[in-house]
Number of protein chains: 4
Amino acid sequence: MRIGIVGVSGYGGSELLRLCIGHPSFEVVYASGESTVGQTLAQRFPALAGHATGKLVIESFAPEKVDHVDLLFASLPTGKSSEPLSRVPARTKIVDVGGDHRYVDGWTYGLTELPGQRERIAKATRLANPGCYPAASLLALAPLVREGLIEPQGIAIDAKSGVTGTGRGGASDFGYAETNEDLFAYGLAGHTHVPEIQRTLSDLAGTKATVAFTPHLVPMTRGILSTCYARPRGSLDTARLYAAAEKAYRNEPFVKLVPAEKGRGPHTKWASGSNLVFISYAVNPDSGLVVAVAAIDNLGKGAAGQAIQNANLMTGQKETAGLEGLPLWP
Amino acid sequence: MRIGIVGVSGYGGSELLRLCIGHPSFEVVYASGESTVGQTLAQRFPALAGHATGKLVIESFAPEKVDHVDLLFASLPTGKSSEPLSRVPARTKIVDVGGDHRYVDGWTYGLTELPGQRERIAKATRLANPGCYPAASLLALAPLVREGLIEPQGIAIDAKSGVTGTGRGGASDFGYAETNEDLFAYGLAGHTHVPEIQRTLSDLAGTKATVAFTPHLVPMTRGILSTCYARPRGSLDTARLYAAAEKAYRNEPFVKLVPAEKGRGPHTKWASGSNLVFISYAVNPDSGLVVAVAAIDNLGKGAAGQAIQNANLMTGQKETAGLEGLPLWP
Amino acid sequence: MRIGIVGVSGYGGSELLRLCIGHPSFEVVYASGESTVGQTLAQRFPALAGHATGKLVIESFAPEKVDHVDLLFASLPTGKSSEPLSRVPARTKIVDVGGDHRYVDGWTYGLTELPGQRERIAKATRLANPGCYPAASLLALAPLVREGLIEPQGIAIDAKSGVTGTGRGGASDFGYAETNEDLFAYGLAGHTHVPEIQRTLSDLAGTKATVAFTPHLVPMTRGILSTCYARPRGSLDTARLYAAAEKAYRNEPFVKLVPAEKGRGPHTKWASGSNLVFISYAVNPDSGLVVAVAAIDNLGKGAAGQAIQNANLMTGQKETAGLEGLPLWP
Amino acid sequence: MRIGIVGVSGYGGSELLRLCIGHPSFEVVYASGESTVGQTLAQRFPALAGHATGKLVIESFAPEKVDHVDLLFASLPTGKSSEPLSRVPARTKIVDVGGDHRYVDGWTYGLTELPGQRERIAKATRLANPGCYPAASLLALAPLVREGLIEPQGIAIDAKSGVTGTGRGGASDFGYAETNEDLFAYGLAGHTHVPEIQRTLSDLAGTKATVAFTPHLVPMTRGILSTCYARPRGSLDTARLYAAAEKAYRNEPFVKLVPAEKGRGPHTKWASGSNLVFISYAVNPDSGLVVAVAAIDNLGKGAAGQAIQNANLMTGQKETAGLEGLPLWP
């Protein structure tokens, strides 16, 4: 498959490039990126020196010129992709890693592990990749909501992200000196990922779901941990929560259900560099609230990894192709 | 005042030493610490070379031998302080920074800013310093609970701590290589700080309060951020939350109420090295849940700073003595 | 003393503000900063909420308007201070923390611990604060060069700095995601601090000194470690190196000579938040080269701390006033 | 090939496991590790849940029981491998990642890119993998020494390493709280890697080489940067240094020579998770000293990556097999 990457210099684009180069059937034939136009990929990524793909020159994105591309990954800042992507030739499939096409007509929403989604993705030619926070939060909550184990209203989602979640353009706001040894909550007045989360949960619940979503910026480069709190519907124990998740994810290659040994949930580092998601559940002993915790690499299952998984489905590859590398630890 | 510090080599003990040396009326005359017995303070803390206090030799803790000490700060691992502290002479006042005497008969609980607590602390000779997580969480929640603005049952407290919260003995579990670029939740099956939190909130509410408390370990050295989610009682807006806090903390020198500008709550780094607590409030626009966020330095307001504040009250000093240094930023 | 701070929003300016507020005789009456004009200091630094100095409004720097200021600290980007500082009224003393006036006519160079420098500084009204890298490197090397123990030519200075050394404007180049878990050398083709280092060493040696100076950026916020390699002049042992330093620094309150216990030199963290410098020496057993290692806080002895020390001398204060706070550890 | 890993729970062993699992011809059939005996690999490494290799149970190392293993990687603490490895059956090839067999009779030294080494490694059955510091330093210096461009005596090697270089057992000394925001030099009185460096350089020079080797601990998990300073032999420019390296490494798949753009040398992060080494050279403009800088991942080219490369040669695989994954960035 001839692959194009739009926004190759950003964090999501860089990870897409790494995964495509390691993919058995993908060949990167096109790359664009505003801040690095005219450089070769090897100039931008020194590890590509001497590599065939390293000779490719980064262009300014011209949608009309990508008709030699079979599938285009687009990783553009929010609000910047609708217009140019509308001009991409119809024969070129698109996976939009950015946020502009989620729950938009003509675009398929691409969180593979949700019920029935895999089949829809396989037929899609315009695919909206999920947001990084929704990917983690929805995978933790979906089985509980679908089985009616928790109240779908008033779910508190306390999410924590590494700095790459803000995108490379955000670097000037998140310099090392001010970010290291710091932690804060944002989005207290609302966040762009909420409609995607509420819409998906509502569809699963068959009734309106509402969430209090609070993202936090953590001094690390990669990783999202989403800790979710919900009121139980009726009597529940922890085993019942795992049973629901086991039923949903039994055959999923990228979802790992892990018991909370010594009361500890999954570590974000377990997922670093991979497309894996680790999920733990507990019924809180003091309040009876249900707690669901998911850990992903925000650039993996939260962006580029999920995008490759979708592209595999859309192009008839093995779903795990190019995604079998183990996480980097420590 | 002649001061003793038990456990001077740990993180809490080191911070107590730093604050005592900068205190206008405190003179450290006694220091103990198991792993460093026989060293001078200057050998343990190179910055004390040439400093008068640096000549003090670290001893093995012998409770009977501290009767020349006016006030003793004890910073010992959980479970290790009850017996030895019971042998400290009655004339020597004690502030126990550890967890063994909270809500124990004969000991006064010392979170100064709670209603009526300041007066009790001033009379105490045996003082149990609050836990680091409770300090942050209770200061955020207390005004809301006391005014009946939130339901006291089923409060979700999602707390995040830097690594010093685990104590110096925890270092072998939290080596740099495995902690950097990692994040995880623990205490999913319960945590020792819960009774302290629930007891205090229940007292404030006048009815039983319950919490789902989930601590997280964040790759940073100092700092706690506590993000709390509660159901509102009746109709509320954000201004009403601040009004309750303003009423409670109007004259408190260490509590800073901050609006959530651009939706951002307080940064842990704002408090680093100080006894300050920063608090923000919001009514979540999507779910109506109340969100309260507090940021402290876990070694400051969460341990040594709060302990100095209590000692000041117990010995008739100005409450802010030795605590006026500004946070280190960045 | 009425104090002004130019560039209060930068990292150096922020640290000057912190130290001035803790100083027994300094009162900040003027603050300027381009990116934050119109904000109060309390808006810029939330810890100052409720503090008298917090009400001061940050202005755009107007040199003619500071004649009510007794001493002005200027912390401006390189190349930006010559012109405006030339317009400051003569009665207002200046300490320029930036790099534009080092070894410039009419300006006194202010590394206090160099021979004879203290007296010159006390008389100065225009003072050029040393660079952060030179401060660390010169304090380590000066006694050896002055005593003729090492060859003054071909000294290799391998220096490592935390990110605040690049200034706040550098944040966009040094975002967290790209800086954490990274390390690199720069200045391989030359660095602006070299003339200051070579000039000072040449003066001390009485002959031309040359250095290969290689700075490195380390993933930390504060701290400089300078590791210097020089050829010995004649037969030497480690004790001889310490003896020379002992002679030079015996009465210096901020210089701590530390033996290399278990072969370890000083830690940058020992100095964090303070004006201290820690120095160790060794004769390398394999090659006979002399190794000198100095650790400072680049914002302390490398910038704001040194500036306060100079201001104290220039205004007749006790040299250590406002600089007695211990480092923050850990 | 049936592969065994001794010390699979350590940092080097974990990385060997990751690389072996991604290797097209290696199958891990044996794993030992003292602290994790009895666990399955999937229990130790949650990402292996559901993976065939994850079912393997970690054993206590019994050298006599590995005769079903074709090649054994040993990653044991220094001083702990000589005796047990002597009992491994002769038919089982060994790559010792630890330090006990470097320049020991009967063992081949395995830094592949040194002159003539590749051929010797291909014939070896007992292979001593190079140390992490020597790997970086020797690759930077070898071409210069071999061509006689620098004086082989009195070379200063200023090396900086991430924390995994100390091994997992070192974690208790290098807890997060004390390591973050800290930097220090060690080995000022000597280091175990010096004989390996001096011996190799002496062989290349044809005369005795001596070095002042100073390692530093940097707050990062992975990465070594080695900055080397040497006196030139005769007149030199930077191009001449690159020409020598180009001649030596022209066909080496893992060595990338990079110009020092804007005076910046290679970043350790460029190599993270890979077997690559990046090298830059400069003639220092102020002193004329030659500066050579190399960046590697200490667990890659400095340990497990180099070990896989050697194992490939020893077993007739393609030299780059299993090592083609790109570095993780950022």
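A.B. asks: I'm lost on the pairing of strand 10 (residues 224–230) of chain B in this one. Help?
C.D. replies: If a strand is regular, its side chains alternate between the two faces of the sheet. Residue and element names in this part refer to chain B. Summarising burial for strand 10: seven of the seven residues are buried, a large majority. Neither face of strand 10 is left uncovered, since the one carrying Ile-224, Ser-226, Cys-228 and Ala-230 and the one carrying Leu-225, Thr-227 and Tyr-229 both have all their residues buried. Relative to strand 10, strand 7 (residues 155–161) runs antiparallel, the two being bridged by six bridges. Note on strand 10: the bridge partner recorded for Asp-158 is Thr-227.

A.B. asks: What is the right way to read the confidence of the model for chain A from this model?
C.D. replies: Caution applies to low-pLDDT regions: their predicted coordinates should not be interpreted in detail. Residue-level pLDDT values for chain A average 97, and 99% of them are 70 or greater. Two summary scores accompany this predicted model of the complex, namely pTM at 0.98 and ipTM at 0.97.

A.B. asks: So what exactly am I meant to see when it comes to the interface of chain B and chain A here?
C.D. replies: Quite often, the size of an interface is put as the accessible area lost when its parts meet. Contact residues are listed per partner, giving 55 residues for chain B and 55 residues for chain A. Both faces combined, the contact of chain B with chain A buries some 4,400 Å², and carbon together with sulfur accounts for 59% of it. When the area that chain B buries against chain A is broken down by residue, the three leading residues are B:Glu181, B:Leu183 and B:Leu188, summing to 16%. A salt bridge links A:Asp158 to B:Lys160, with the shortest nitrogen-to-oxygen separation between them at 3.0 Å. Taken together, chain B and chain A are joined by 32 residue pairs in polar contact (both at pLDDT 80 or more). At the level of elements, strand 7, helix 6 (176–179), strand 8 (184–185), helix 7 (194–205), strand 9 (211–217), strand 10 and strand 13 (290–296) of chain B are the ones that each hand at least two residues to the side of chain B that touches chain A. It is strand 9 of chain B that provides the largest number of residues to the side of chain B that touches chain A, a total of five residues.

A.B. asks: So what exactly am I meant to see when it comes to the packing of helix 1 (residues 11–21) of chain C against helix 9 (residues 300–314) of chain C here?
C.D. replies: Axes are the key here: two packed helices are described by the angle between their axes and the distance separating the axes. Residues and elements named next belong to chain C. As a packed pair, helix 1 and helix 9 sit with axes 8 Å apart at the nearest point and diverge in direction by 45 degrees. One element, helix 1, and the other, helix 9, form an angle in the oblique class. Considering the relative orientation of helix 1 and helix 9, their crossing is right-handed. Facing Gly-12, Glu-15, Leu-16, Leu-19 and Cys-20 of helix 1, the residues of helix 9 in contact are Ala-304, Gly-305, Ala-307 and Ile-308. Looking at side-chain class alone, the contact of helix 1 with helix 9 contains six nonpolar, two polar and one charged residues.

A.B. asks: Sorry, what's going on with the side chain of C:Asn310 here?
C.D. replies: Summarising the element assignment, C:Asn310 is placed in helix 9. What C:Asn310 contacts, discounting residues up to four positions off in sequence, is C:Gly110, C:Thr112, C:Ile121, C:Leu127 and C:Asn129.

A.B. asks: Just to check I follow, could you spell out the relation of the copies chain B and chain D for this structure?
C.D. replies: One copy of the chain maps onto the second through a rotation around an axis plus a translation along that axis. After a rotation of 180 degrees and a shift along the axis of 0.0 Å, chain B superposes on chain D with an RMSD of 0.0 Å. Expressed as a symmetry operation, the mapping of one chain copy onto the other fits a two-fold axis. Mapped onto chain D, 100% of the interface residues of chain B again fall at the interface, so both copies present the same surface.

A.B. asks: Honestly, the packing of helix 5 (residues 132–146) of chain B against helix 7 of chain B in this entry has me stumped. Any pointers?
C.D. replies: Residue and element names in this part refer to chain B. Between helix 5 and helix 7, whose axes approach to 9 Å, the crossing angle comes to 20 degrees. By the angle class used here, helix 5 and helix 7 are roughly parallel. As for how helix 5 packs across helix 7, the hand of that crossing is right-handed. Seen from helix 5, the contacting residues are Pro-134, Leu-138, Leu-141, Ala-142, Val-145 and Arg-146; seen from helix 7, they are Glu-196, Ile-197, Thr-200, Leu-201, Leu-204 and Ala-205. Considering only residue class, the contact of helix 5 with helix 7 consists of nine nonpolar, one polar and two charged.

A.B. asks: Just to check I follow, could you spell out the sheet that holds strand 11 (residues 255–257) of chain B for this structure?
C.D. replies: Neighbouring strands of a sheet are bound in pairs by backbone hydrogen bonds; such pairs are parallel or else antiparallel. All names here are of chain B. Taken in spatial order, the seven strands line up as 8-9-7-10-13-12-11 in an open sheet, and their pairing is mixed. What marks the edges here is a single partner per strand, and that holds for strand 8 and strand 11. Packed onto the sheet, helix 8 (residues 238–249) meets strand 11, strand 12 (277–283) and strand 13 and runs at close to 150 degrees relative to strand 12.

A.B. asks: Sorry, what's going on with the side chain of C:Gln306 here?
C.D. replies: Relative to the helices and strands, C:Gln306 is located in helix 9. Accessibility expressed as a relative area gives 0% for C:Gln306, which makes it buried.

A.B. asks: Any chance you could explain the domain arrangement of chain A here in plain terms?
C.D. replies: Residue and element names in this part refer to chain A. Each assigned domain of chain A is listed with its residue range as follows: domain 1 (2–130 + 301–314) and domain 2 (132–298). A separation of 25 Å is found between the C-alpha centroids of domain 1 and domain 2. Facing 22 residues of domain 1, the contacting portion of domain 2 comprises 30 residues. Where domain 1 abuts domain 2, roughly 2,000 Å² becomes buried across the two surfaces, and 57% of that area is made up of carbon and sulfur atoms. Of all residues in domain 1, Tyr-11, Tyr-103 and Lys-301 bury the most surface against domain 2, accounting for 34% of the area lost on that side. The interface formed by domain 1 and domain 2 holds three salt bridges in total. Here Arg-118 ties to Glu-252 by a salt bridge, and the two come within 2.7 Å at their closest N and O atoms. At the boundary of domain 1 and domain 2, one finds 11 residue pairs in polar contact (both at pLDDT 80 or more). Looking at the side of domain 1 that touches domain 2, the elements that each hand over two or more residues are helix 1 (11–21) and helix 9 (300–314). A total of six residues in the side of domain 1 that touches domain 2 trace back to one element, the largest contributor, which is helix 9. Looking at side-chain class alone, the side of domain 1 that touches domain 2 contains eight nonpolar, seven polar and seven charged residues.

A.B. asks: Looking at this model, I keep getting lost on the relation of the copies chain B and chain A. Mind explaining?
C.D. replies: Mapping chain B onto chain A is achieved by rotating through 180 degrees and translating by 0.0 Å along the same axis, at an RMSD of 0.0 Å. Both copies present the same face, since 100% of the interface residues in chain B are matched by interface residues at the equivalent positions in chain A.

A.B. asks: Can you walk me through the sheet that holds strand 5 (residues 108–109) of chain C in this structure?
C.D. replies: Residue and element names in this part refer to chain C. Read from one edge of the open sheet, six strands run 2-1-3-4-6-5, paired in parallel fashion. Each edge of the open sheet carries a strand with a single partner, namely strand 2 (27–32) and strand 5. Judged from the three bridges that link them, strand 4 (residues 93–96) and strand 6 (residues 126–128) form a sheet pairing that is parallel. The residue of strand 6 that forms the bridge with Val-95 is Leu-127. Along the sheet face, helix 1 touches strand 1 (2–6), strand 2 and strand 3 (71–74) and points at about 165 degrees away from the line of strand 1.

A.B. asks: How should I be thinking about the nonpolar core in this particular structure?
C.D. replies: The tendency in soluble globular proteins is for nonpolar side chains to be buried side by side. Counting residues in each nonpolar core, the largest one holds 100 residues, and the members touching the most others are A:Leu201, A:Ile279, C:Leu201 and C:Ile279. For A:Ile279, the residues in contact, after removing those within four places along its chain, are A:Leu139, A:Ala140, A:Tyr242, A:Tyr249, A:Val255, A:Lys256, A:Leu257, A:Val258, A:Pro266, A:Val293 and A:Ala294. Counting 98 residues, the second-largest nonpolar core is a separate cluster that includes B:Leu141, B:Ile157, D:Leu201 and D:Ala244.

A.B. asks: Any chance you could explain the pairing of strand 1 of chain C here in plain terms?
C.D. replies: Residue and element names in this part refer to chain C. The buried fraction of strand 1 is high, at four of five residues. The pairing of strand 1 with strand 2 spans five bridges and is classified as parallel. Counted as the bridge partner of Ile-3 is Val-28 from strand 2. A crossover links strand 1 with its parallel partner strand 2, the connecting element being helix 1, and its sense is right-handed.

A.B. asks: Teacher, can you tell me more about unusual backbone geometry here?
C.D. replies: Note: most residues except glycine have negative phi, and most peptide bonds are trans. Residue A:Pro330 is reached from A:Trp329 by a cis peptide bond, and omega for that bond is -5 degrees. Note on placement: A:Pro330 falls in the segment after helix 9. For B:Tyr103, which is not a glycine, the phi torsion comes out positive at approximately 60 degrees. Inspection of the secondary structure puts B:Tyr103 in the loop between strand 4 (93–96) and strand 5 (108–109). Using a relative accessible area of 30% as the deciding quantity, one classes B:Tyr103 as partly exposed.

A.B. asks: What is the right way to read the packing of aromatic side chains from this model?
C.D. replies: Each aromatic ring pair is described using two quantities: the centre-to-centre distance and the angle formed by the ring planes. Taken as a whole, this structure holds 31 aromatic pairs over all chains when the rule is applied. With 5.5 Å between their ring centres and 90 degrees between their planes, B:Tyr242 and B:Tyr281 make a pair best called edge-to-face. Remark: B:Tyr281 occurs in strand 12 and B:Tyr242 occurs in helix 8; sequence separation between them is 39 residues. An identical accessibility class is assigned to B:Tyr242 and B:Tyr281; each is buried. A ring pair is formed by C:Trp270 and C:Phe278, whose centres lie 5.4 Å apart and whose planes are at 70 degrees; its orientation type is edge-to-face. You can call C:Phe278 buried: its relative accessible area is 0%. Put simply, the rings of A:Tyr11, A:Phe45 and D:Trp329 touch in pairs and so form one group of aromatic residues. Here the guanidinium or amino end of A:Arg44 rests over the ring plane of A:Phe45, the centre of that ring lying 5.1 Å away.

About the criteria used
Residues numbered from 1 in each chain as written. Chains lettered and ligands numbered in written order. Predicted model: local features only at pLDDT ≥ 70, side-chain atom pairs only at ≥ 80, totals over all residues. Heavy atoms only, no water. Buried < 20%, exposed > 50% of the residue type's maximum accessible area, 1.4 Å probe, protein only. Helix = DSSP H or I, 4+ residues; strand = E, 2+ residues; numbered from the N terminus. Pairing = 2+ DSSP bridges. pLDDT = per-residue confidence, 0-100. Contact = heavy atoms within 4.5 Å. Buried area = accessible area lost by both parts, 1.4 Å probe. Salt bridge = Lys/Arg side-chain N within 4 Å of Asp/Glu carboxyl O. Polar contact = N/O pair within 3.5 Å; in protein donor to acceptor, adjacent residues only side chain to side chain. Axes fitted to C-alpha atoms, helices over the stretch in contact; angles between N-to-C directions. Parallel < 35°, antiparallel > 145°, perpendicular 65-115°, else oblique. Left-handed = near helix turned anticlockwise from the far one by under 90°. Nonpolar A, V, L, I, M, F, W, Y, C, P; charged D, E, K, R; others polar. Least-squares fit on C-alpha atoms with pLDDT ≥ 70 in both. Domains from an automatic or database assignment. Core = buried A, V, L, I, M, F, W, Y, C linked by side-chain atoms within 4.5 Å. Right-handed = clockwise from strand over helix to strand, strands pointing away. Phe/Tyr/Trp six-rings, centres within 6.5 Å; stacked < 30°, edge-to-face > 60°. Lys NZ or Arg CZ within 6 Å of the ring centre and 35° of its normal.

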